[in-house]
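Take a look at the letters that make up each chain.
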Amino acid sequence: MSKAHTGSKTKEYLQRYMEGVEKRNPGQPEFCQAVYEVASTIFPYIADKPMYHENQILERMAEPERVISFRVPWTDDEGRIRTNRGWRVQFNSAIGPYKGGIRFHPSVNESILKFLGFEQTFKNSLTGLPMGGGKGGSNFNPKGKTDNEVMRFCQSFITELYRHIGEDTDVPAGDIGVGGREIGYMFGQYKRITNRFVGVLTGKGIEFGGSKMRTEATGYGAIFFLRNMLEQHKESMEGQRVLISGSGNVATHAAEKCLQLGAKPLTLSDSGGFVYCADGFTQEQIDWVKELKNVRRGRISEAADEFKNIDFSEGRPWGVEGDCAVPSATQNEVDGKDAKILMKNGVKAVAEAANMPCEQDAVDAFVDGGVMFGPAKAVNAGGVGVSGLEMSQNSARIAWSEDELRKLLENMMKDIHDSCVQYGESKSGPVNYLAGANVAGFVKVADAMLSYGHV
Ligand code: NDP
């Protein structure tokens, strides 16, 4: 069979496969988008590996093992009863217990959680640790709620979820809208209901079984990955001007690590707009933003009132001139137009620190345009990686030092980078990190599924 013929057959299979996925998942565009992104790189890889086709591996991988949806009633400070919906998507447990964060945001729905759970399966595989993929959350909006309201909501959420999770079954963590405060409330309620002190959640406070470096892991890991990509292409982090979106856990720690490695973090944002500092943010300014977001729960625009060399604008930061972009807020925050502007302004590397922040046409523009493009499942895997290490520490009832964990994180990101290069290297062009990450993540899960037979 000629190569061209194989290519056209692969395209035809992919198209037919996606028609099936879309038919089975109506009204779930984010989920279909995530499946397409993976399938478009896996189909060429498995073209000459019939065991994956014969065993319907990709079909089975695109179907969650279980989706749990439940009512979350809670009482606000005025004594009114409020009702939200909660979910846990237990996507794939082929290589370990389900593992993935919980998101509280008004936009949360089944499509978004399925896309996140699907992605998580490949990401967790890339870490090299025994973790399956899952994701959960609620359409609860924590913005503007008091501490007591958030506590009552978290307690109600876990009062239903506790029966579906466990240290060897499913181990949730934080995500958008779920940080240390929320994990504390949920762990406290789990312990109270079950009378067991076990590692059922990660991202816990250090005092009650949390791991050092977990808070920093996603943002730091993303910048380690960016550094690895630059070094692979004979460049360094020194002096790089980095555009970052978001101002939450991932964004602030990404900015901090840029600074530590001699780069200049130029922007941060939230859903109201972005702040720009031509000199690059200082550690003092980053600490101020962390306090603003974690304690005062204010808006990023306030940074421009506080610091003379910081400006605020509405919209996204992608029109600012820079060398690297690290989208760290949310899904689909970089579209095809943004990608063209970034490339025109000379951006040579994009590291997806948020989950699926780039729309498909932006991804295509970066990959086709020769930009070093690190996909989320590789770039932000440091967070779940250190969560996996938190699970190990909890099981062994030990706590590793910050230095040990920093080294483990740095090594893990290097190993993930090298796996992407192994599967994504091409003789003619730059490394295709997207294909490399998808294939490297796929192989381990697919081979485990083959071992189990038709389950
Ligand atoms: P946080 O809740 O700490 O911060 C989220 C940030 O993104 C906030 O600045 C928020 O602004 C902004 N944001 C959210 N929605 C939008 C929107 N629609 N438009 C513009 N800005 C928006 O979340 P994290 O930092 O933990 O997570 C950020 C991303 O990283 C997510 O995609 C998450 O899935 C991913 N991730 C997180 C991991 C972790 O360990 N925390 C691990 C792996 C991935 P505002 O306050 O205005 O909403």
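Here the structure is a predicted model, which is why all the values come from computation and not from measurement.

Helix and strand content of the chain: 17 helices and 13 strands. For a compact globule of 455 residues, the expected C-alpha radius of gyration is about 23 Å, and the chain comes in at 21 Å, within 12% of that figure. Taken over the C-alpha atoms alone, the chain extends approximately 70 × 50 × 40 Å along its principal axes. A total of 455 residues make up the chain; the buried ones form 55% of that total. A fraction of 71% describes how many contacts in the chain between residues 6 or more apart in sequence connect residues 24 or more apart. Across the chain, the 53 positively charged side chains and the 58 negatively charged ones have centroids separated by 4 Å.

Together, Glu284, Asp287, Asp305 and Glu306 make up a region of like negative charge exposed at the surface. Put simply, the parts of the chain that give the negative patch at least two residues each are α10 (283–296) and α11 (302–306). Assignment of secondary structure puts Asp305 in helix α11. Exposure remark for Asp305: the relative accessible area of 68% places this residue in the exposed category.

Attention now goes to the site of the ligand. Around the ligand sit 25 residues, and of these Asp175, Thr218, Ser271, Arg299 and Asn355 come closest. One of the side-chain N or O atoms of Thr218 is found 2.7 Å from an oxygen atom in the ligand. Take Val250: an N or O atom from its main chain is 3.0 Å from an oxygen atom of the ligand. Elements with a contribution of two residues or more to the shell around the ligand: α8 (214–232), α9 (249–260) and β8 (267–270). The residue makeup of the shell around the ligand, split by class, is five nonpolar, 13 polar and seven charged.

Between two packed helices, both the angle of their axes relative to each other and the distance between the axes serve to describe the pair. In the contact formed by α9 and α10, the axes pass within 10 Å of each other and the chain directions differ by 170°. Here α10 runs roughly antiparallel to α9, going by the angle between their axes. Contacts between α9 and α10 involve Thr252, His253, Ala255, Glu256 and Leu259 on the former and, on the latter, Gln283, Ile286, Asp287, Val289 and Lys290. In terms of residue class, the contact of α9 with α10 is built from four nonpolar, three polar and three charged.

Following the criterion strictly, the structure yields 31 salt bridges and no others. A salt bridge links Arg88 to Asp170; its shortest N-O distance comes to 2.7 Å. Here Arg88, found in strand β2 (residues 81–92), pairs with Asp170, found in strand β5 (residues 170–173); they are 82 residues apart in sequence, far enough to count as distant. The burial state of Arg88 is the same as that of Asp170; both residues are buried. Put simply, Glu119 and Lys377 hold a salt bridge, and the shortest N to O gap is 3.2 Å. With a gap of 258 residues between them, Glu119 in helix α5 (residues 110–126) and Lys377 in helix α14 (residues 376–379) connect regions that are remote in the sequence.

Let us look at the packing of aromatic side chains. Enumeration over the complete set of coordinates arrives at 20 aromatic pairs. Aromatic pair Phe118 and Phe122: ring centres 5.1 Å apart, planes at 65°, arrangement edge-to-face. Highlighted residues: Phe118 and Phe122, both in helix α5, separated by four residues, approximately one helical turn. Each member of the pair, Phe118 as well as Phe122, carries the same accessibility label: buried. For the ring pair Phe140 and Phe153, a centre distance of 3.9 Å and an interplane angle of 5° mean the geometry is stacked. Placement of Phe140 in the loop between β4 (132–138) and α6 (147–161) and of Phe153 in helix α6 is noted, with a sequence separation of 13 residues between them. Considered together, Phe140 and Phe153 belong to a single accessibility category, that of buried residues.

Tracing the sequence through the fold places Met229 in helix α8. Ignoring sequence-local partners within four residues, the contact set of Met229 consists of Val350, Ala351, Met372, Phe373, Gly374, His417 and Tyr433.

With respect to topology, three strands assemble into an open sheet ordered β8-β9-β10, the strand pairing being antiparallel. Each edge of the open sheet is held by one strand with a lone partner, namely β8 and β10 (311–313). Direction aside, neighbouring strands of the sheet carry axes that sit 20° apart on average. Both strand β9 (residues 273–276) and β10 contribute to a ladder of three bridges, which runs antiparallel. In the strand pairing of β10, Val275 is matched with Phe312.

Calculation rules
- Residues numbered from 1 in each chain as written.
- Predicted model: local features only at pLDDT ≥ 70, side-chain atom pairs only at ≥ 80, totals over all residues.
- Heavy atoms only, no water.
- Helix = DSSP H or I, 4+ residues; strand = E, 2+ residues; numbered from the N terminus.
- Rg over C-alpha atoms; globule rule 2.2 N^0.38 Å.
- Buried < 20%, exposed > 50% of the residue type's maximum accessible area, 1.4 Å probe, protein only.
- Contact = heavy atoms within 4.5 Å.
- Lys, Arg positive; Asp, Glu negative; His and termini not counted.
- Charge placed at Lys NZ, Arg CZ, Asp CG, Glu CD.
- Patch = residues over 30% accessible without salt bridge, like charges linked within 9 Å, V, L, I, M, F, W, Y side chains within 5 Å.
- Areas by Shrake-Rupley, 256 points an atom, 1.4 Å probe, with all protein chains shown as cover.
- Salt bridge = Lys/Arg side-chain N within 4 Å of Asp/Glu carboxyl O.
- Near = heavy atom within 4 Å.
- Polar contact = N/O pair within 3.5 Å; in protein donor to acceptor, adjacent residues only side chain to side chain.
- Nonpolar A, V, L, I, M, F, W, Y, C, P; charged D, E, K, R; others polar.
- Axes fitted to C-alpha atoms, helices over the stretch in contact; angles between N-to-C directions.
- Parallel < 35°, antiparallel > 145°, perpendicular 65-115°, else oblique.
- Phe/Tyr/Trp six-rings, centres within 6.5 Å; stacked < 30°, edge-to-face > 60°.
- Pairing = 2+ DSSP bridges.

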